[in-house]
Amino acid sequence: MSNTVRRLAFIDLLKASAAQLVVLHHLAFYGPMSDAARELLPGLVDWFSEYARIAVQVFLVVGGFLAARGLAPEGRLRSGLTPLPLILQRYRRLAGPYLVALLVAIAGAWLADRWMDHESIPAAPGWTQFAAHALLLHNILGVEALSAGVWYVAIDFQLFALLVLLLWLGARRRYLGMALVLGLALASLFHFNRDAEWDIWAPYFFGSYALGVLAWWGSDPRWSGRGRSLMLALVFGAALLALLLDFRLRIAVALGVAACLVLARRGGILERWPDWRPVTFLARISYSTFLVHFPVCLVVNSLFVRYGGEDPWLNLMGMGLAWAASLGAGTLFHRWVETARLPALHLPRPAAAD
């Protein structure tokens, strides 16, 4: 987000917390250090490995919330905005730092492979594999991922493009765009999200993303109280019904985050939340940290395998070092790559995710 657009400290808190959970999830799930450290803290390591990945739902909901704020704050696509420039700009925003991060991931995997033999190390890519990643088609084409979590960059792009198209199709009538978003959200919650074969396509995740979009619209103080209440009752009631039909923790978390955003905005907390500099900083570098943390963790894992052995305490320290190194690398990447490439149009920043 441009510095000319006021940051929302409560959003920063959500993003910073979720980003750290994503890093810790990958540290617990990939690499041999967590296998050794698990002897000391089995419950904590298992929790990070199994459940911290659900933090991706925070980014999906927050991404939808900020997209609605930037594209259609009153429920209709802003005047003068058209799909193709918006979608191309979103690609540039995502792909600028992302392509550099792919090179970092390739270099990190090459270094890690020199010092350890582990299944978490991606194989050296060919040009076709790299091109598939560059075009954000790696999941669709079924090629091996070059880094953990790169699937989310492609999904973020798909979700944004889909939202733009829905808003554009409904721009001629005041509530048509909102109805299209709500309709696809319901289709996602009751159908697409229940079928894992859809998990490489935006409709699988659109229910969570749309909960954020609808949370912005449903908490708009310019609406009549009855209109807001009706929208929120319909959205949250449908989501609860979807959970009763088929409980999914990811949807329950998304629903909880959306409810927090509604309450925060309607109660004024969204704007008045204390602006804590460390939280703001972690939120600002969240996308950069997400992009580069996995190769950093791989290299630290390989060093501790080569020189540290299997001592649980040493490997637990190694996990802490990898976490700190990921934040350091994310800081440098944000300063020298991400902020140097972001275009000026004020749209939601890309978020980190699993």
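Coordinates for the structure precede this section.
Heads up: these notes are all about the structure in this document. (Residues numbered from 1 in each chain as written. Predicted model: local features only at pLDDT ≥ 70, side-chain atom pairs only at ≥ 80, totals over all residues. Heavy atoms only, no water.)

## A closer look at the overall build of the chain
Inclusion rule: What counts as a helix is a DSSP run of H or I of at least four residues, what counts as a strand is a run of E of at least two, and both are numbered from the N terminus. The quantity called the radius of gyration is restricted to C-alpha atoms. Its globule counterpart is 2.2 Å times the number of residues to the power 0.38. Relative accessible area decides the class of each residue, using a 1.4 Å probe on protein chains only: under 20% of the type maximum gives buried, over 50% gives exposed, and in between gives partly exposed. Should any heavy atoms of two residues lie within 4.5 Å, those residues are considered in contact. This count recognises Lys and Arg as positive and Asp and Glu as negative, with His and chain-terminal groups excluded. By convention, the point assigned to a charge is CZ for Arg, NZ for Lys, CD for Glu and CG for Asp.
Scanning the chain from terminus to terminus reveals 16 helices and 0 strands. In summary, the chain has a C-alpha radius of gyration of 20 Å against a globular reference of 20 Å for 354 residues, a match within 12%. Burial analysis of the chain (354 residues in total) assigns 55% to the buried set. Long-range contacts, defined here as pairs at least 24 residues apart, represent 78% of the contacts in the chain between residues at least 6 apart. One way to put it: in the chain the 30 positive side-chain charges average out to a point 18 Å from where the 22 negative ones average out.

## Remarks on the pattern of salt bridges
Quick reminder of the rule: The working definition used for a salt bridge is a side-chain nitrogen of Lys or Arg within 4 Å of a carboxyl oxygen of Asp or Glu.
The full count for this structure, using the stated rule, is 5 salt bridges. Linking Asp46 and Arg38 is a salt bridge whose minimum nitrogen-to-oxygen distance equals 2.7 Å. Given a relative accessible area of 32%, Asp46 falls into the partly exposed group. For Arg38, a relative accessible area of 37% puts it in the partly exposed group. Ionic pairing is found between Arg90 and Asp156, a salt bridge with its closest N-O pair at 2.9 Å. With Arg90 in helix H5 (residues 83–115) and Asp156 in helix H8 (residues 150–169), the pair connects residues that are 66 residues apart, well separated along the chain. Across the pair, exposure class does not vary: Arg90 and Asp156 are buried alike.

## Re a nonpolar patch on the surface
Short version of the rule: Exposure above 30% relative accessible area and the absence of a salt bridge qualify a residue for a patch, where like charges join within 9 Å and nonpolar side chains (Val, Leu, Ile, Met, Phe, Trp, Tyr) within 5 Å. Per-residue and other accessible areas were derived by the Shrake-Rupley procedure at a 1.4 Å probe size, with only the shown protein chains allowed to occlude residues.
Judged by side-chain polarity, Leu165, Trp168, Leu169, Leu176 and Leu180 come together as a nonpolar surface patch covering roughly 430 Å² of accessible area. Secondary-structure elements contributing two or more residues to the nonpolar patch are H8 and helix H9 (176–190). Take the nonpolar patch: its biggest share by element is 3 residues, from H8. With respect to the helices, strands and loops of the structure, Trp168 is situated in helix H8. When its relative accessible area of 43% is taken as the criterion, Trp168 is described as partly exposed.

## Describing helix H6 (residues 127–134)
Those residues of H6 that fall on the buried side of the exposure criterion are Gln129, Phe130, Ala132, His133 and Ala134. Buried residues along H6 sit against H5, helix H7 (138–141) and H8. After H6 finishes, the residue Leu136 shows a positive phi value of roughly 60 degrees.

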